[in-house]
Amino acid sequence: MTWDSLKSKKPEPIKSVDGYVRSPEMESKLNKLFAGLFKNEDGKEVIFSRSAKSIGKNDALNLSIFKVALNGSATSSEKGVPFNNNDYAVMHPSITPDGSRMYFASDMPGGLGGMDIYYVNIISDKKYSIPINMGPSINTEGSEVFPYAFDDKTLFVSSNGHPGLGGLDIFMIENVGQGGQNIKNLGAPFNSKRDDFSFFIDKMYKYGFLSSNRSGGVGDDDIYSFRVPTIKPSG
C-alpha cells in the first residue's frame, strides 16, 4: 500500500455503524477489532488488551496484553505476554499478517512521550524479543496509540503529537523499518477536530472502520465505517 493509492481512493462519506452494518460477519469484525481484540491471520488465536489483575504504582490498574487459543468452539485459558508489567500499560496489540512481529502501545519507562508505539519480534508462541521503541520519527512528546499493521511495510497509528486536525489523528506510516520511513496524516474525512483512532481497512481494500468521538455521533466514542469503491492498489 502507498500513500498516493490510499489518498486517491476517495471513500464514501463515513457513516455511523449504528443502522449501517448489520450482517453477522460485519458484527463479528466489529467485536474483534473495536473491543480491544485482534484475531491473527490463521484464526487460531485472539490477542487482546484488558485491565491487569494486580494494581501497580500509584494505585493504577493498567492495561495488559493477553492471548487465547481457539479450537473450534473451545478456547484455552488466557495467557499474558511476558513483557506485561503491572506498573505501566501494555496495550492495543496488532500482529503483522506473516505473524513475525507484534506492535503495541505502552508508557513503559524510557519512552519519548505519554504513550509510545513499540514492537516485539515473535520468535515462537511463548518467546518474544525485548520491546523496541519505534523512535522519534513515529513517537513524540504526546501519545501514539492503536497501531494497526496492514502489512509488513505499512502501519497505521493514532497520535496527538504530530501536526493534525485536533485530538488524536490517524496517521499512515510507509516503509516501516526501511529507508525512507515516513508518517503522514490521513486528513479528512478520516480525521476530525476530535479524537479519531482504531483505524482498520480490510485486505481486499473494500471497506474499513474507525472509532471517533467527533460531533454528530450517538455516544462518546462511536464506530464509523467507510467503503472503498475501487480495487486494491498494487505495490
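It should be emphasised that the depicted structure is a prediction, and the values quoted were computed from it without experimental measurement. (Residues numbered from 1 in each chain as written. Predicted model: local features only at pLDDT ≥ 70, side-chain atom pairs only at ≥ 80, totals over all residues. Heavy atoms only, no water.)

**Student:** So what exactly am I meant to see when it comes to the side chain of Asp222 here?
**Tutor:** Among the secondary structure elements, Asp222 is positioned in strand 17 (residues 222–227). An unpaired buried charge is present at Asp222: no salt bridge exists, and Arg214, the closest side chain of opposite charge, is 8.9 Å distant. Within the local environment of Asp222, its side chain forms a polar contact with the backbone nitrogen of Val218, the two atoms lying 2.3 Å apart. With near-sequence residues (within four places) excluded, Asp222 lies in contact with Leu210, Ser211, Ser212 and Gly217. (Helix = DSSP H or I, 4+ residues; strand = E, 2+ residues; numbered from the N terminus. Buried < 20%, exposed > 50% of the residue type's maximum accessible area, 1.4 Å probe, protein only. Lys, Arg positive; Asp, Glu negative; His and termini not counted. Salt bridge = Lys/Arg side-chain N within 4 Å of Asp/Glu carboxyl O. Polar contact = N/O pair within 3.5 Å; in protein donor to acceptor, adjacent residues only side chain to side chain. Contact = heavy atoms within 4.5 Å.)

**Student:** In this structure, what is going on with unusual backbone geometry? I would like to understand it.
**Tutor:** A negative phi holds for most residues other than glycine; trans holds for most peptide bonds. Here the residue pair Ala188 and Pro189 is connected by a cis peptide bond, since its omega of 5° sits within 30 degrees of zero. Note that Pro189 resides in the loop between strand 14 (182–185) and strand 15 (196–201). Positive phi, close to 60°, is recorded for His92, a residue that is not glycine. Within the element layout of this structure, His92 appears in strand 7 (residues 90–95). For Asn175, which is not a glycine, the phi torsion comes out positive at approximately 55°. You can see Asn175 is positioned in the loop between strand 13 (169–174) and strand 14.

**Student:** Where do I start with the pattern of salt bridges in this structure?
**Tutor:** Once their charged atoms are close, side chains differing in charge can pair, the charge on each being opposite to the other. Evaluation of the coordinates by the stated rule reveals four salt bridges. Arg50 serves as the salt-bridge partner of Glu78, at 2.1 Å between the closest nitrogen and oxygen. With Glu78 in the loop between strand 5 (74–75) and strand 6 (79–80) and Arg50 in strand 3 (residues 45–51), the pair connects residues that are 28 residues apart, well separated along the chain. Take Glu78: its relative accessible area is 32%, and that puts it in the partly exposed class.

**Student:** Can you walk me through the sheet that holds strand 10 (residues 132–133) in this structure?
**Tutor:** Whenever strands of a sheet pair, they do so through backbone hydrogen bonds, lying parallel or antiparallel. As summarised here, the arrangement of the four strands in space is 7-8-9-10, forming an open sheet in which the pairing is antiparallel. Of all strands in the sheet, those bounded by a partner on one side alone are strand 7 and strand 10. Bridge analysis of strand 8 (residues 101–106) against strand 9 (residues 116–121) gives six bridges, and the strand direction is antiparallel. Opposite Ala105, over in strand 9, you have Ile117 as the bridge partner. (Pairing = 2+ DSSP bridges.)

**Student:** How should I be thinking about the packing of aromatic side chains in this particular structure?
**Tutor:** The description of an aromatic ring pair uses the distance of the two centres, along with the angle that the planes make with each other. Under the defined criterion, the tally for this structure stands at 14 aromatic pairs. Ring pairs connect the aromatic residues Tyr148, Phe156, Phe190, Phe199, Phe200, Tyr207, Phe209 and Phe226, which therefore count as one cluster. The ring of Phe66 carries Arg50 above its face, with NZ or CZ at 4.0 Å from the centroid. Stacked on the ring of Tyr119, the Lys or Arg Arg101 has its end atom at 3.8 Å from the ring centre. (Phe/Tyr/Trp six-rings, centres within 6.5 Å; stacked < 30°, edge-to-face > 60°. Lys NZ or Arg CZ within 6 Å of the ring centre and 35° of its normal.)

**Student:** I keep staring at the pairing of strand 4 (residues 63–71) and nothing clicks. Help me out?
**Tutor:** Where strand 3 meets strand 4, seven bridges bridge the pair, whose relative direction is antiparallel. Looking at the pairing, Glu45 lines up with Ala69 of strand 4. With two bridges connecting them, strand 4 and strand 6 associate as antiparallel partners. Looking at strand 6, one finds that Phe66 is bridged to Gly80.

**Student:** What am I meant to see in the nonpolar core here?
**Tutor:** As a rule of thumb, soluble globular proteins bury nonpolar side chains together. By size, the foremost hydrophobic cluster in this structure holds 18 residues, and its most contacted members are Tyr103, Met134 and Leu155. Of all the secondary structure elements, the ones that give two or more residues to this core are strand 8, strand 9, strand 11 (144–149), strand 12 (155–159) and strand 13. Non-local contacts of Tyr103, meaning those with residues more than four positions away in its chain, are made with His92, Pro93, Ser94, Thr96, Ile117, Tyr118, Tyr119, Met134, Pro147, Ala149, Leu155 and Val176. The next biggest cluster of nonpolar side chains, apart from the first, holds 17 residues, and it includes Phe156, Leu186, Tyr207 and Val228. (Core = buried A, V, L, I, M, F, W, Y, C linked by side-chain atoms within 4.5 Å.)

**Student:** Is there a simple way to think about the sheet that holds strand 11 in this case?
**Tutor:** Spatially, 11-12-13-14 is the arrangement adopted by the four strands of the open sheet, whose pairing is antiparallel. Every other strand in the sheet has two partners, leaving strand 11 and strand 14 as the edge strands with one partner each. Each strand axis lies, on average, 25° off the axis of its neighbour in the sheet, ignoring direction. Pairing analysis gives four bridges linking strand 11 to strand 12, with the strands arranged antiparallel. Paired with Val145 across the strands is Ser158, a residue of strand 12. (Axes fitted to C-alpha atoms, helices over the stretch in contact; angles between N-to-C directions.)

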